[in-house]
Amino acid sequence: MNRRDALKLVAAGAAGLGLSTEAHAFPFGSTRKRELTAPQDAFLEELTQAGCRYFWDEASEKTGQVRDRAMAQIPSSHGKETRRASSIAATGFGLTALCIADWRGYLPRNDIRQRVLHTLQWHWEQMPHEHGFFYHYNDMETGARFFKCELSSIDTCIFLCGALMAREYFKNTPGIGAQIAELATKIYDRVDFPWMLNKETQFSMGWTPEFGFLAVRWQHYCELMMLVLLAIGSNTHPVDGIFWQYFRRPIVSYDGIRYISGPDPLFTHQFSHAWFDFRNVRDKYANYFDNSIAATKAHKAFCLSMKHWYNEDYWGVTASDSQRGYQAWGGPPELGHIDGSVVPCATAGSVAFLPQDCVRVLMSLRQKYGKDAWGRYGFTDAFRPSAHWFNPDVLGIDQGIGVLMAENLRTEMIWATFMQADEIRLAMVKAGLTAR
């Protein structure tokens, strides 16, 4: 299929979705709906629009940085949102959410495009960095490092995915597209990936001015795929394709399901897939999209094994807030003190892998607990109805994975647009990820 045919397909499908005429000219994705009923699609539209609103309302107009977390409900005069900690990862999800908002016409397009341009310009010219890597948390109005946090390799890559997504989506936009594309490329090209290796074969998870490189490395399969592929595809500071072979791929077997996974929460099988399209490629180890389907099925079986808490309409636990604070919980194997709480982004982030099962859960949660669990930006981060606990906050990265994967399920727009990047296609080939 050539570009002209692709655009015809987009236009035809978009007409069926009710998208505006202006939106047709930019993305390259198929707009094919995937076995969704009208009520299911309407629900995902509501979830997507509410999530995109988070990334607009909770971003600084000065820097484009997105708040790490915010109140789930509309702040009253007694509870104005004053927290200023932003997340560089949430900002990356936010750049992609702005592409979706433009594509679907949620907000005035000129305002969206100016926000994207200004965000990239600020991160290129003023955002503190070391060798191109950004700090995990920052003051959303000044960019100053927060909490004495680390310079984060993976969170910087989530931002880079958002920047490259914006480049590919807006690059042909008259008047502003060339500037967006140039800035996104400059930010990507500035990242010195070999520096983060610190002369080893696996990337460090971060660096601090006080202690240098963190000892902990990206050693086994998880969300690290985006980091390795962005490094391999770099125009200016690449690593060799052999680095794709340097992380371990442990096999987990649960309830008759075998798949590659570390002892990590479900989100580790979701984040890279929000941008990278692994559906039709594999290396000598696996098809990683199929692997995430298996991981989601195993997680569902794991939850349903705890029958006193979970059922077909209520399951899903991944890293989130809890009554005991933030936890990297889930399974299998069991991680953390699971107490019957449900985390909506667990199923929202897997809707593209197991659509019917995950959408069923999300719609059920909305219907049964919406009064307390659904706010101005969609679902609150986590809740435990049996204890009458509903988290008062939403988290940017948890909102982001649900919004992006819902769009991929509905139209494949993010996959199709992001994968237009020359660097990404080259990285996939160098890593040995080919159609088989």
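Treat the numbers as computed from the prediction; the structure is a model and nothing was measured.

Draft legend 1. Examining the layout of surface pockets more closely. Estimates place the volume of the largest pocket at around 800 Å³. For the largest pocket, the lining is made up of 36 residues, of which His 136, Asp 155, Glu 223, Phe 267 and Tyr 326 are closest to its centre. Those elements that provide at least two residues to the lining of the largest pocket are strand E2 (85-87), helix H5 (153-170) and helix H12 (396-411). Broken down by element, the residue count for the lining of the largest pocket peaks at three residues, all from H5.

Draft legend 2. Quick peek at the nonpolar core. Counting residues in hydrophobic clusters, the biggest one holds 140 residues, and the most contacted among them are Phe 193, Trp 275 and Phe 276. It is H5 that provides the largest number of residues to this core, a total of 12 residues. Those residues within four positions of Phe 276 in sequence are excluded, and the remaining contacts are Cys 161, Met 226, Leu 229, Leu 230, Trp 415, Phe 418, Met 419, Ile 424 and Met 428.

Draft legend 3. Seen up close, the side chain of Asn 391. With respect to the element layout, Asn 391 can be found in the loop between strand E12 (389-390) and strand E13 (393-395). One polar contact links the side chain of Asn 391 to the main-chain carbonyl oxygen of Asp 393, over a distance of 3.1 Å. Those residues in contact with Asn 391, other than ones at most four positions away along the chain, are Ala 72, Asp 321, Thr 380, Asp 381 and Ala 382.

Draft legend 4. Focus on the confidence of the model for the protein chain. Taken as a whole, the protein chain shows an average pLDDT of 92; of its residues, 91% reach a score of 70 or greater. Low confidence marks residues 1-31, where pLDDT is under 50. Its contacts with residues over four positions away, or in another chain, come to 57 contacts.

Draft legend 5. Focus on the packing of helix H8 (residues 225-233) against helix H14 (residues 422-430). Packing of H8 against H14 leaves a shortest axis separation of 8 Å and a crossing angle of 105°. Relative to H14, H8 is oriented roughly perpendicular. Together, Leu 229, Leu 230, Ile 232 and Gly 233 of H8 and Glu 423, Ile 424, Ala 427, Met 428 and Lys 430 of H14 make up the contact between the two elements. The residue inventory of the contact of H8 with H14, partitioned by class, reads six nonpolar, one polar and two charged.

Draft legend 6. Expanded view of the sheet that holds strand E5 (residues 206-208). Reading across the sheet, the three strands line up as E4-E5-E6 and stay open at both edges, with antiparallel pairing between neighbours. The strands lining the two open edges of the sheet, one partner per strand, are strand E4 (151-152) and strand E6 (212-213). Of the pairings in the sheet, the one linking E4 to E5 comprises two bridges and is antiparallel in character. Each bridged residue has a counterpart across the sheet, and for Ser 152 the counterpart in E5 is Gly 206.

Calculation criteria
Residues numbered from 1 in each chain as written. Predicted model: local features only at pLDDT ≥ 70, side-chain atom pairs only at ≥ 80, totals over all residues. Heavy atoms only, no water. 1 Å grid on protein atoms, 1.4 Å probe; cavity = no way out; pocket = protein on both sides within 12 Å on 5 of 7 lines; lining within 4 Å. Points joined across faces, edges and corners; volume = space filled by probe spheres on them. Helix = DSSP H or I, 4+ residues; strand = E, 2+ residues; numbered from the N terminus. Core = buried A, V, L, I, M, F, W, Y, C linked by side-chain atoms within 4.5 Å. Buried < 20%, exposed > 50% of the residue type's maximum accessible area, 1.4 Å probe, protein only. Contact = heavy atoms within 4.5 Å. Polar contact = N/O pair within 3.5 Å; in protein donor to acceptor, adjacent residues only side chain to side chain. pLDDT = per-residue confidence, 0-100. Axes fitted to C-alpha atoms, helices over the stretch in contact; angles between N-to-C directions. Parallel < 35°, antiparallel > 145°, perpendicular 65-115°, else oblique. Nonpolar A, V, L, I, M, F, W, Y, C, P; charged D, E, K, R; others polar. Pairing = 2+ DSSP bridges.

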